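Report on the structure
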Amino acid sequence: MKLFIDTADLTQIKELASWGILDGVTTNPTLLARSGRSLQEVIDEIFHLVNGPISLEVVSEKAEEMITEAKGIVAKIPQKYRENATIKIPMTAEGLKAVKALSQQGIKTNVTLVFSANQALLAAKAGATFVSPFIGRLDDNGQEGMQIVEEIMEIFCNYDIKTEVIVASIRHPIHVIQAARLGADIATIPPEVIRKMVKHPLTDAGITSFLKDWEKVKK
Ligand code: E4P
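The notes below deal with the structure included here. Computed from a predicted structure; not experimentally measured.

Our focus in this paragraph is the pattern of salt bridges. For side chains bearing opposite charge, pairing can occur when the charged atoms are close. Summed over all chains, the structure comprises nine salt bridges. Among the ionic pairs, Glu-164 bridges to Lys-2, the shortest N-O distance being 2.6 Å. You can see Glu-164 sitting in strand S7 (residues 164-167) and its partner Lys-2 sitting in strand S1 (residues 2-6), a full 162 residues away along the chain. Among the salt bridges present, the one from Lys-199 reaches Asp-204, with a minimum N-O distance of 3.3 Å.

This is how it looks when you write it as structure tokens:
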């Protein structure tokens, strides 16, 4: 399973990339705004930090505008990193048209704001490289979010669909375990959740007791 980091915070990306566990990055306009950096500033650094798909989102609503915006984003990325460029397109009818055109032009897409298996199926049919079901937002809305991941995985497996499933809007470490058990290709995880995944109180207690005992035997 691949793990992406879900942030535009370059300090967090740098630190967690140094753990050797990151396969890609997802951002969105909210995460960019939270980082306090411009799109260009983030682009200038992020591709050096992680060698894997980096998702950057368009904000246009019409297909033609999305396509122009997507190409503009790709053009800002240094040539040697362009194969990692992934354009996030919202799950709308206009978005599907844009995904179709971009995929025909060899630009990777990540269809975002997916809240049902039918939406994921349509995105895959249009040629999406990735689909991002938003689990936490469904949970917040009183629906079992992981249910749609189960449905998407079953459908994609039935038809050997190559579009990869990014479980997004992750709120806690159990979401990651659930996504992995369902065979999702990728989980995109906020830095604070990755930091929780590394911790266990018995690990800390074990280190403390080993260090204490080492003091007794060391010469
Ligand atoms: C990732 O691609 C999404 O933009 C992100 O996971 C959304 O998470 P949120 O529901 O916590 O905003």
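Put simply, helix H1 (residues 10-17) and helix H3 (residues 39-49) touch, their axes get as near as 10 Å, and they point 5° apart. Viewed along their axes, H1 and H3 adopt a mutual orientation that is roughly parallel. In this structure, H1 uses Leu-10, Ile-13, Lys-14 and Ala-17 to contact H3, whose residues at the interface are Glu-41, Val-42, Glu-45, Ile-46 and Leu-49. Classifying every residue of the contact of H1 with H3 by side-chain character gives six nonpolar, no polar and three charged.

All right, on to the site of the ligand then. As a structural note, the neighbourhood of the ligand is formed by Asp-6, Thr-26, Asn-28, Lys-88, Phe-134, Arg-137, Ala-168, Ser-169, Arg-171 and Thr-188. One nitrogen or oxygen atom from the side chain of Asn-28 is found 2.7 Å from an oxygen atom belonging to the ligand. Here an oxygen atom of the ligand and a side-chain polar atom of Ser-169 are 2.7 Å apart. The protein chains hide 85% of the 340 Å² of surface that the ligand would expose on its own. Looking at side-chain class alone, the shell around the ligand contains two nonpolar, four polar and four charged residues.

Turning next to the packing of aromatic side chains. A complete count under the given rule lists three aromatic pairs for this structure. Between Phe-4 and Phe-130, the ring centres sit 6.3 Å apart and the planes meet at 75°, which makes this aromatic pair edge-to-face. Of this pair, Phe-4 sits in strand S1 while Phe-130 sits in strand S6 (residues 130-133), placing them 126 residues apart in sequence. For the residue pair Phe-4 and Phe-130, the accessibility class agrees, reading buried in each case. Judged by centre distance (6.1 Å) and plane angle (35°), the rings of Phe-47 and Tyr-81 are tilted. With Phe-47 in helix H3 and Tyr-81 in the loop between helix H4 (63-76) and strand S4 (85-90), this residue pair connects regions lying 34 residues apart in the sequence. Both residues of the pair, Phe-47 and Tyr-81, count as buried.

Reading the values: rules and limits
- Residues numbered from 1 in each chain as written.
- Predicted model: local features only at pLDDT ≥ 70, side-chain atom pairs only at ≥ 80, totals over all residues.
- Heavy atoms only, no water.
- Salt bridge = Lys/Arg side-chain N within 4 Å of Asp/Glu carboxyl O.
- Helix = DSSP H or I, 4+ residues; strand = E, 2+ residues; numbered from the N terminus.
- Axes fitted to C-alpha atoms, helices over the stretch in contact; angles between N-to-C directions.
- Parallel < 35°, antiparallel > 145°, perpendicular 65-115°, else oblique.
- Contact = heavy atoms within 4.5 Å.
- Nonpolar A, V, L, I, M, F, W, Y, C, P; charged D, E, K, R; others polar.
- Near = heavy atom within 4 Å.
- Polar contact = N/O pair within 3.5 Å; in protein donor to acceptor, adjacent residues only side chain to side chain.
- Areas by Shrake-Rupley, 256 points an atom, 1.4 Å probe, with all protein chains shown as cover.
- Phe/Tyr/Trp six-rings, centres within 6.5 Å; stacked < 30°, edge-to-face > 60°.
- Buried < 20%, exposed > 50% of the residue type's maximum accessible area, 1.4 Å probe, protein only.

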